[in-house]
Amino acid sequence: MMRRILTSLLIASTGAGLLGLAGCGEREQTAHYEDGRYRGKPDTPPYMAAPFGGDVMKYENAMRTRAQNQNEYNRID
Amino acid sequence: MARMKFICDAERCIECNSCVVACKQEHNIPWGVNRRRVVTLNDGVPGERSISAACMHCSDAPCMAVCPVDCFYKTADGVVLHDKDLCIGCGYCFYACPFGAPQFPQDGAFGLRGKMDKCTFCAGGPEPDGSEAEFQKYGRNRLAEGKLPACAEMCSTKALLGGDGDVLADIYRQRAMARGKGSEVWGWATAYGRPEGKPSAPRPQDKPGPKAPANGNGGKS
């Protein structure tokens, strides 16, 4: 009799433990985000245009010089 | 490569709207589309501040993230552009943009919302540089001509600066140092607040010792 009670208690506790572990199998709640990739037409960089002819350094120097034109402290002394 | 940015100095902006006009005129922008606009805070109150706002060409642009057809791309200069042939005019980018930069032409019947239009940093779009197709869809490509955006170059008080972020930061720093104030007007502390009781950084003229040079660059010319 005692043995049967112990067996049933063991089965019940094992079942409860398994049920409790089932909670650990929760699925991810956040959406998986995939980075989009540009699907339009390719664009040519500005330094490929006629004034620069593909010379990146020439383009960057021109941009830097042009940007410094916005600094009026360069014009006064 | 450069990282193209705009910066607007609220201490200098006089709300003349010449940047808005320059943009409209340069790109032949239709009625109802404003790639750039001037926003005034505390309008009519003494001490009001104005700032010129357009696409900020974000480093991590939310418009690019939400576009369902992936029509956005970023150039090597850091300019955020889009392909109008691919755009479906859904307006997601408008909701995502914190600056309200994406614009939609609404000149048709029944509340038609056309393809998105926004500031291109005067860099055109994915059409041959300087072509008629590029001008019709995106406006003039000034970068390919070795020029900077028309709005910044047109600004009469040089409140609006455009170009490589590093160069602009140097210009602005020199300016703020020379006048002894300004960086606190539109900056981190204004946007996010300053902790209670923490004073702002002392101005150069408040500091004891030799006075800051007039040109503000440490005496170098």
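Owing to the predicted nature of the structure, the values given are computational and were not obtained by experimental measurement.

**Student:** Can you walk me through the overall build of chain A in this structure?
**Tutor:** A tally of helices and strands in chain A yields 2 helices and 0 strands. By residue count, 16% of the 77 residues in chain A fall in the buried class. Only carbon and sulfur atoms are counted for the fraction: they give 59% of the accessible area of chain A, which is about 6500 Å².

**Student:** Looking at this structure, I do not really get the pattern of salt bridges. What am I missing?
**Tutor:** When charged atoms on two side chains of opposite charge get close, those side chains can pair. All names here are of chain B. This model, assessed by the stated rule, comprises 21 salt bridges over all chains. D170 is paired through a salt bridge with R173; the nearest N and O atoms lie 2.9 Å apart. Pair noted here: D170 and R173 are both in helix α6 (residues 165-179), with a separation of 3 residues, about one helical turn. Judged by its relative accessible area of 41%, D170 falls in the partly exposed class.

**Student:** Mind showing me how you'd approach the nonpolar core here?
**Tutor:** Side chains of a nonpolar character, in soluble globular proteins, are inclined to be buried together. The biggest cluster of nonpolar side chains holds 35 residues, and the ones touching the most others in it are Y59(A), M4(B), V79(B), L143(B) and L160(B). Elements represented by at least two residues in this core include exactly α2 (56-68) of chain A together with β1 (4-8), α1 (18-27), α5 (150-154), β6 (160-164) and α6 of chain B. Excluding anything up to four places from it in sequence, L160(B) contacts Q70(A), F6(B), I7(B), C8(B), C19(B), R36(B), S52(B), C151(B), A152(B) and C155(B).

**Student:** How should a nonpolar patch on the surface be read in this particular structure?
**Tutor:** Taken together, the side chains of M1(A), M2(A), I5(A), L6(A) and L9(A) define a hydrophobic patch exposed on the protein surface, amounting to about 600 Å² of accessible area. Here M2(A) shows up in helix α1 (residues 2-22).

**Student:** Which parts of the structure should I look at to understand the packing of aromatic side chains?
**Tutor:** Here a ring pair, both rings aromatic, is described through the centre-centre distance and the interplanar angle of the planes. Under the criterion given, the structure shown has 5 aromatic pairs over all chains. Ring geometry for Y38(A) against Y73(B): centres 4.6 Å apart, planes inclined by 35 degrees, an arrangement best described as tilted. Separated into two different chains, Y38(A) in the loop between α1 and α2 and Y73(B) in strand β4 (residues 72-74) make up a pair that spans both. The exposure class assigned to Y73(B) is buried, which follows from its relative accessible area of 9%. Ring centres of F52(A) and Y59(A) lie 5.3 Å apart, and the angle between their planes is 80 degrees; on these two criteria the pair is classed as edge-to-face. Overall, the relative accessible area of 8% leaves F52(A) in the buried class. Clustering of aromatic rings is evident, with ring pairs tying together Y47(A), F52(A) and Y59(A). Sitting over the ring of F6(B), R36(B) keeps its end group 4.5 Å from the ring centre.

**Student:** Would you take a moment to explain the confidence of the model for chain B for this structure?
**Tutor:** Caution applies to low-pLDDT regions: their predicted coordinates should not be interpreted in detail. Residue and element names in this part refer to chain B. Of all residues in chain B, 81% have pLDDT values of 70 or greater, and the mean over the chain is 85. At the level of individual helices and strands, chain B shows its lowest average pLDDT in helix α7 (residues 188-192), which scores 53, and its highest in α1, which scores 97. Note that residues 211-221 has pLDDT below 50 and, in this model, 14 contacts with residues that lie over four places away or in other chains.

**Student:** Would you mind showing me how to read the interface of chain B and chain A here?
**Tutor:** It is common to give the size of an interface as the accessible area that goes away when the parts come together. Taken together, the 43 residues of chain B in the interface contact 29 residues of chain A. Both faces considered, chain B and chain A share a buried interface measuring about 2800 Å² in area, 52% of it formed by carbon and sulfur atoms. On the chain B side of the contact with chain A, M1(B), D70(B) and I171(B) bury the most area, a combined 17% of that side's loss. On inspection of chain B and its partner chain A, the count reaches 6 salt bridges. The partner of E153(B) in a salt bridge is R66(A), and the shortest N-O contact between them spans 2.7 Å. Linking chain B with chain A are 12 residue pairs in polar contact (both at pLDDT 80 or more), by the criterion used here.

How each quantity is defined
Residues numbered from 1 in each chain as written. Chains lettered and ligands numbered in written order. Predicted model: local features only at pLDDT ≥ 70, side-chain atom pairs only at ≥ 80, totals over all residues. Heavy atoms only, no water. Helix = DSSP H or I, 4+ residues; strand = E, 2+ residues; numbered from the N terminus. Buried < 20%, exposed > 50% of the residue type's maximum accessible area, 1.4 Å probe, protein only. Areas by Shrake-Rupley, 256 points an atom, 1.4 Å probe, with all protein chains shown as cover. Salt bridge = Lys/Arg side-chain N within 4 Å of Asp/Glu carboxyl O. Core = buried A, V, L, I, M, F, W, Y, C linked by side-chain atoms within 4.5 Å. Contact = heavy atoms within 4.5 Å. Patch = residues over 30% accessible without salt bridge, like charges linked within 9 Å, V, L, I, M, F, W, Y side chains within 5 Å. Phe/Tyr/Trp six-rings, centres within 6.5 Å; stacked < 30°, edge-to-face > 60°. Lys NZ or Arg CZ within 6 Å of the ring centre and 35° of its normal. pLDDT = per-residue confidence, 0-100. Buried area = accessible area lost by both parts, 1.4 Å probe. Polar contact = N/O pair within 3.5 Å; in protein donor to acceptor, adjacent residues only side chain to side chain.

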